[in-house]
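# Fold and contact review
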Amino acid sequence: MMMNNRSCICVSAVKPCCRFLISFKRSSLFGLSPLINSSKLRSRKIDARSIRSGVNCRRIALDRNAFCDSESTSWGGAGSRVIIGRASIGRGRGRGRGVLVIPRVASDFRNQSTSSLGSHVNKDKSFEGIFVKPLVFKELEQTEEIPKKESGGDEDAKFGNVGVKGETERVVSQSEAEREAWKLLRGAVVNYCGFPVGTVAANDPGDKQKTLNYDQVFIRDFVPSAYAFLLDGDGEIVRNFLLQTLQLQSWEKTVDCHSPGPGLMPASFKVKSVPLEGNDGSFEECLDADFGESAIGRVSPVDSGLWWIILLRAYGKLTGDYTLQERIDVQTGIKLILKLCLADGFDMFPTLLVTDGSCMIDRRMGIHGHPLEIQALFYSSLRCAREMLNVNDETKNLVAAVNSRLSALSFHIREYYWVDIKKINEIYRYNTEEYSAEATNKFNIYPEQIPSWLVDWIPNRGGYFIGNLQPAHMDFRFFTLGNLWAVVSSLGSQEQNEGVMALIEEKWDDLVANMPLKICFPALEQEEWRIITGSDPKNTPWSYHNGGSWPTLLWQFTLACIKMGKLDLAKKAVAVAEKRLKEDQWPEYYDTRSGRFVGKQSRLYQTWTIAGFLASKKLIEQPEKASLLFWEEDYQLLETCVCGLNKSSGKKKNKCSRFTPPRS
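So, a few notes on the structure that sits alongside this text. The structure displayed is predicted, hence computed values, not measured ones. (Residues numbered from 1 in each chain as written. Predicted model: local features only at pLDDT ≥ 70, side-chain atom pairs only at ≥ 80, totals over all residues. Heavy atoms only, no water.)

### Quick look at the overall build of the chain
When its secondary structure is counted, the chain shows 23 helices and 17 strands. The 664 residues of the chain split such that 58% are buried. Within the chain, residue pairs in contact and separated by at least 24 positions form 73% of the contacts whose partners lie at least 6 positions apart. Total accessible area on the chain stands at roughly 27,900 Å², and carbon and sulfur atoms take up 49% of it. (Helix = DSSP H or I, 4+ residues; strand = E, 2+ residues; numbered from the N terminus. Buried < 20%, exposed > 50% of the residue type's maximum accessible area, 1.4 Å probe, protein only. Contact = heavy atoms within 4.5 Å. Areas by Shrake-Rupley, 256 points an atom, 1.4 Å probe, with all protein chains shown as cover.)

Okay, here's the thing in structure tokens:
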């Protein structure tokens, strides 16, 4: 590949190196030996100032033919050449337009990536050798001027088109808190090879615990940032993030000589600038990804892949760019995640079995088993994947498996996780030790498990989905994220969704109070706290994950409110938050039962607090866009479930009690 002296390619690593902490399972792709020294396949630029100034790489376009100059459609076949070029930029050079070059993957890769899950989602092993090709940032000479925005200031120009779009009337109408929030959100943007790829978890200038990972880009933390940017009309940073994390999915993850499935997405990643040998000022940028091997407790992030699929759909819906989800590497990434989630196991239930700390609540809080949050995100990601998967002869069995799981999961959650005053009274009268396929108390729940606080707390109107369900165990705590996402995704029926919103409104002083919203209610206290959390000093009663108030949940609450026709309720919650967030310096969470105090270990200038607030404001401004982000009831799934139950063996025919006809 001929390159002039003003061109540059930044290549992300495709082989293990000491700076990545992640590695390939194989030393070559598709059985081919690497063509060049792998140690040099790291993202590289010579002039650090030229990258950080933001003048060299502004826009991203796609060139899938960059690495393939082939008369054949096979890698390594006759007439096929794989060409990789690299040129560096000297100081003061290179004012060009950036092009994101993604290599075209030839038919061998396409065949493997679309058919390996087709016959049976659990038996195929060929995915272990499939890895996504590296991102390449290629800088070309400037051929056209990048139009300047009408307003937004220097901060807007710094990240190309990331930020407010210059609509004067909208800027004027912004509150002081909104203006500060946008400035802080743009200031949290992380660049890789000069391109925005995410936002750091927190930008707290007073944070002295630099050994922690708040300076990294977390997948779950970036989601509200992505929604804020997308709702503001900017898709570049989200597209880059989706592609870059897709690259990281391809690496082998090993902890104590054991590797999880290849579909696992990282919890977070960090861009590191490492000086090259010599004293000429050269450096290279490397990505350091964490799949849980460095996390507290060493727990893998089950929710990362689920959020990635959800965000991929949102990107297409809000930008109209569906080419991204149709790419072969992206389709393969979706299928790898599905393979991991749909794998057969010992479990009798359609819910995902996970360990404690595998989602937003990433510390020991007694949520191991089948927590509602994971099930709601799982259901949402399955619905997203079903929309985005290319359906053909090779994938039809996978699509059928997704449909089957959706139907079973929806029935299971609606039937066994839902509680209201009527259901609690029913549990109160349960018989136990029933040995029968027709047992009423199928999970052998003892009535004594009903906590005393719930008897007086549950309102006459409304209800909610419990936090967890296992044999002889129901976790009756109210978990906000799981319930909100059950509403957003229509995991619950229309009646149940209305019940969740009615309960939140009825119990406003408990779940919102001085700061929306409680991550769970109530808190574990005294002996229960000591046993379940292991005496965790960070999760003391009414703090952090143990009943703390998390402003980042505001955007999901707003989305649920808009879906259920309760926009005024969302405005009320946003108004409560807006009174304090700027003054309190955008904390991560709040403590006490009513959320009066800033959390005792709360980071300030927490990015997803900022982004959650901005996404909520955008949704309220543009409620019509919310319909692109939530799901309505899928009556075809309901009919599938009814048919399956009616065909089941047994003396008594079952009927899907979750089915409710649409309201007239």
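### So, the pairing of strand β11 (residues 283–290)
Burial of β11 is extensive: 8 of the 8 residues sit out of reach of the surface. Alternating positions in β11 separate into two faces, Phe283, Glu285, Leu287 and Ala289 on one and Glu284, Cys286, Asp288 and Asp290 on the other, with burial throughout. Sheet topology places strand β10 (residues 268–275) next to β11; 8 bridges connect them, and they run antiparallel. Looking at the pairing, Val274 lines up with Glu284 of β11. (Pairing = 2+ DSSP bridges.)

### Examining the environment of Pro301
Note on placement: Pro301 falls in the loop between β11 and α8 (302–319). By relative accessible area, Pro301 is classed as buried at 3%. When the C-alpha atoms of Pro301 and Asp362 are compared, they prove to be 8.5 Å apart, with 61 residues separating the residues in sequence. Beyond its immediate chain neighbours, meaning those up to four positions away, Pro301 contacts Arg220, Leu264, Met265, Pro266, Ala267, Phe291, Gly292 and Ser358.

### Points about the pattern of salt bridges
Counted according to the given criterion, the structure contains 21 salt bridges. Note that Lys582 and Glu176 form a salt bridge whose closest N and O atoms lie 3.4 Å from each other. Here Glu176 lies in helix α5 (residues 176–187) and Lys582 lies in the loop between α20 (567–578) and β16 (590–591), a separation of 406 residues in the sequence. Using a relative accessible area of 27% as the deciding quantity, one classes Lys582 as partly exposed. Across the pair Asp475 and Arg477 runs a salt bridge, and its minimum N-O distance is 2.7 Å. Both residues of the pair, Asp475 and Arg477, belong to the buried class. Via salt bridges that share partners, Glu176, Glu180 and Lys582 belong to a single interconnected network. (Salt bridge = Lys/Arg side-chain N within 4 Å of Asp/Glu carboxyl O.)

### Concerning α20
The terminal C-alpha atoms of α20, which comprises 12 residues, lie 16 Å apart, in line with the 16 Å expected from a rise of 1.5 Å per residue. Within α20, burial applies to Leu569, Ala570, Ala573, Val574, Val576 and Ala577. Seen along its axis, α20 keeps its buried residues to an arc of 155 degrees; they face one direction. At its buried positions, α20 is contacted by α16 (494–506), α17 (508–511), α19 (554–563) and α21 (607–621). (Expected span 1.5 Å × (residues − 1). Arc of directions from axis to C-beta.)

### Quick notes on the sheet that holds strand β12 (residues 418–420)
With antiparallel pairing, 4 strands are arranged side by side in an open sheet as β12-β13-β14-β15. Single-partner strands in this sheet number two, and they are β12 and β15 (520–521). For strand β13 (residues 463–470) and strand β14 (residues 473–479), the ladder comprises 4 bridges, and the chain directions are antiparallel. If you follow Ile466 over to β14, its bridge partner there is Phe478. Strands β12, β13 and β14 of the sheet are contacted by helix α12 (residues 396–416), whose axis makes an angle of about 110 degrees with β13. Where α16 meets the sheet, it contacts β12, β13 and β14, and its direction lies at approximately 105 degrees from that of β13. (Axes fitted to C-alpha atoms, helices over the stretch in contact; angles between N-to-C directions.)

### What about α16?
A turn of α-helix holds 3.6 residues, and therefore any two residues three or four places apart point the same way. Across its 13 residues, α16 extends 18 Å between first and last C-alpha, which sits within 8% of the 18 Å expected from 1.5 Å per residue. Within the sequence span of α16, burial applies to Gln496, Asn497, Gly499, Val500, Met501, Ala502, Leu503 and Ile504.

### Section: the packing of helix α15 (residues 480–489) against α16
Between α15 and α16, whose axes approach to 9 Å, the crossing angle comes to 140 degrees. With respect to α16, the axis of α15 lies oblique. In this structure, α15 meets α16 at a crossing whose hand is left-handed. Taking contact as the criterion, the partners of Asn483, Leu484, Ala486 and Val487 in α15 are, on α16, Asn497, Val500 and Ile504. (Parallel < 35°, antiparallel > 145°, perpendicular 65-115°, else oblique. Left-handed = near helix turned anticlockwise from the far one by under 90°.)

### Overview of the packing of aromatic side chains
Tallied over the entire structure, the rule returns 23 aromatic pairs. Here the aromatic rings of Trp182 and Phe229 are separated by 6.3 Å at their centres, their planes lie at 45 degrees, and the arrangement is tilted. In this pair, Trp182 sits in helix α5 while Phe229 sits in helix α6 (residues 219–231), placing the two residues 47 residues apart along the sequence. The buried category is assigned to Trp182, whose relative accessible area is 2%. A residue is classified by how much of its surface remains accessible, and Phe229, at 0% relative accessible area, is buried. Plain terms: the ring middles of Tyr227 and Trp555 are 4.7 Å apart, the flat faces sit at 45 degrees to each other, and that makes the pair tilted. On the criterion of sequence distance, the pair formed by Tyr227 in helix α6 and Trp555 in helix α19 is long-range, its members being 328 residues apart. Both residues of the pair, Tyr227 and Trp555, count as buried. (Phe/Tyr/Trp six-rings, centres within 6.5 Å; stacked < 30°, edge-to-face > 60°.)

### Side note on the environment of Lys579
Structurally, Lys579 can be placed in the loop between α20 and β16. Using a relative accessible area of 65% as the deciding quantity, one classes Lys579 as exposed. Residues Lys579 and Ala177, spaced 402 residues apart in sequence, show a C-alpha to C-alpha distance of 8.8 Å.

### Focus: the pairing of strand β8 (residues 195–199)
Buried residues dominate β8, accounting for 5 of its 5 residues. Sheet analysis places strand β7 (residues 189–192) next to β8, joined by 4 bridges and oriented antiparallel. Across the sheet, Val190 pairs through a bridge with Gly198, a residue of β8. Taking the residues between adjacent antiparallel strands as the criterion, β7 and β8 are bridged by 2 residues, where Cys193 takes a positive phi near 55 degrees.

Keep in mind these numbers describe shape, not what the thing actually does.
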